[in-house]
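Structural description and commentary
Now for the letters of each chain:
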Amino acid sequence: MTVDDQQVELQQAKEGVIMAVHARPGAAASQVAGVHGGALKIRIQAPPVEGKANKALTAYIAQLFGLKPAQVTLVSGHRHGRKRVLLAGMSVPEARKALARLLAEARSP
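Just so we're clear, the structure is a prediction, and the values are computed from it rather than from any experiment.

Between its first and last C-alpha, helix 1 (residues 52-65) extends 20 Å over 14 residues, near the 20 Å set by a 1.5 Å rise per residue. Listed in full, the buried residues belonging to helix 1 are A53, N54, L57, T58, Y60, I61, A62, L64 and F65. Elements that come into contact with the buried residues of helix 1 comprise strand 3 (16-25), strand 4 (31-36), strand 5 (39-44), strand 6 (72-76), strand 7 (82-88) and helix 2 (92-107). Trailing helix 1 by a residue or two, G66 shows a phi angle of about 70°, which is positive.

What follows is the structure in structure tokens.
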């Protein structure tokens, strides 16, 4: 797991929170892999073909944060590993609390 000492970049927006994500498609299983360069690092099982990985990524993030799939939207980075994702209806403190839980779970054996 890659973890650096930076926090995940979160930005409050009118609709919710925009979060930085570092995605790696084609993994053996979808999982949170720590923090990389100020972004939540996620390994996603789906291949990077015809938007499958992006769709799987937003669905996985919704599951992780307890949101409906329609509440997670890819804002930028459709064709890159570095992405920005909107978590609709969340505040920065709520997102930080969820991230702390997710990262703690990712670190435990």
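Counting buried residues in strand 5 gives five out of six residues, a clear majority hidden from the surface. Pairing of strand 3 with strand 5 involves five bridges; the strand directions are parallel. The residue bridging H22 from the neighbouring strand is K41, located in strand 5. Where strand 4 meets strand 5, five bridges bridge the pair, whose relative direction is antiparallel. Its bridge partner lying in strand 5, H36 is registered against A39. Between the antiparallel neighbours strand 4 and strand 5 lie two residues, among them G37 with a positive phi of about 60°.

By size, the foremost hydrophobic cluster in this structure holds 30 residues, and its most contacted members are M19, V21, L40, I42, I61, F65 and L87. Contributions of two or more residues to this core are made by strand 3, strand 4, strand 5, helix 1, strand 6, strand 7 and helix 2. Considering each element in turn, this core owes the most residues, seven residues, to helix 1. In this structure M19 touches V8, E9, L10, L40, I61, F65, K83, R84, V85, L87 and L99, once residues within four positions along its chain are discounted.

Turning our attention to unusual backbone geometry. Located in the positive-phi region is E50, a residue other than glycine, with phi close to 50°. Looking at where E50 falls in the secondary structure, it is placed in the loop between strand 5 and helix 1. Relative accessible area serves as the criterion here: at 75%, E50 is assigned to the exposed category.

Our next topic: the pattern of salt bridges. Summed over the entire model, instances satisfying the criterion amount to two salt bridges. The partner of R82 in a salt bridge is E9, with the nearest N and O atoms 3.2 Å apart. Residue R82 is found in strand 7, and its partner E9 is found in the loop between strand 1 (2-3) and strand 2 (10-12); the two are separated by 73 residues along the sequence.

Now for the pairing of strand 6. Here strand 6 pairs with strand 7 via four bridges, running antiparallel. When the sheet's bridge partners are listed, T73 is paired in strand 7 with L86. The hairpin formed by strand 6 and strand 7 contains five residues between the paired strands, and G77 there has a positive phi angle of roughly 90°.

So, on to the environment of V32. Relative to the helices and strands, V32 resides in strand 4. Those residues in contact with V32 that lie beyond four places of it in its chain are L40, K41, Y60, L64, L102, L103 and A106.

About the thresholds
Residues numbered from 1 in each chain as written. Predicted model: local features only at pLDDT ≥ 70, side-chain atom pairs only at ≥ 80, totals over all residues. Heavy atoms only, no water. Helix = DSSP H or I, 4+ residues; strand = E, 2+ residues; numbered from the N terminus. Expected span 1.5 Å × (residues − 1). Buried < 20%, exposed > 50% of the residue type's maximum accessible area, 1.4 Å probe, protein only. Contact = heavy atoms within 4.5 Å. Pairing = 2+ DSSP bridges. Core = buried A, V, L, I, M, F, W, Y, C linked by side-chain atoms within 4.5 Å. Salt bridge = Lys/Arg side-chain N within 4 Å of Asp/Glu carboxyl O.

Read these as geometric descriptors, not functional statements.
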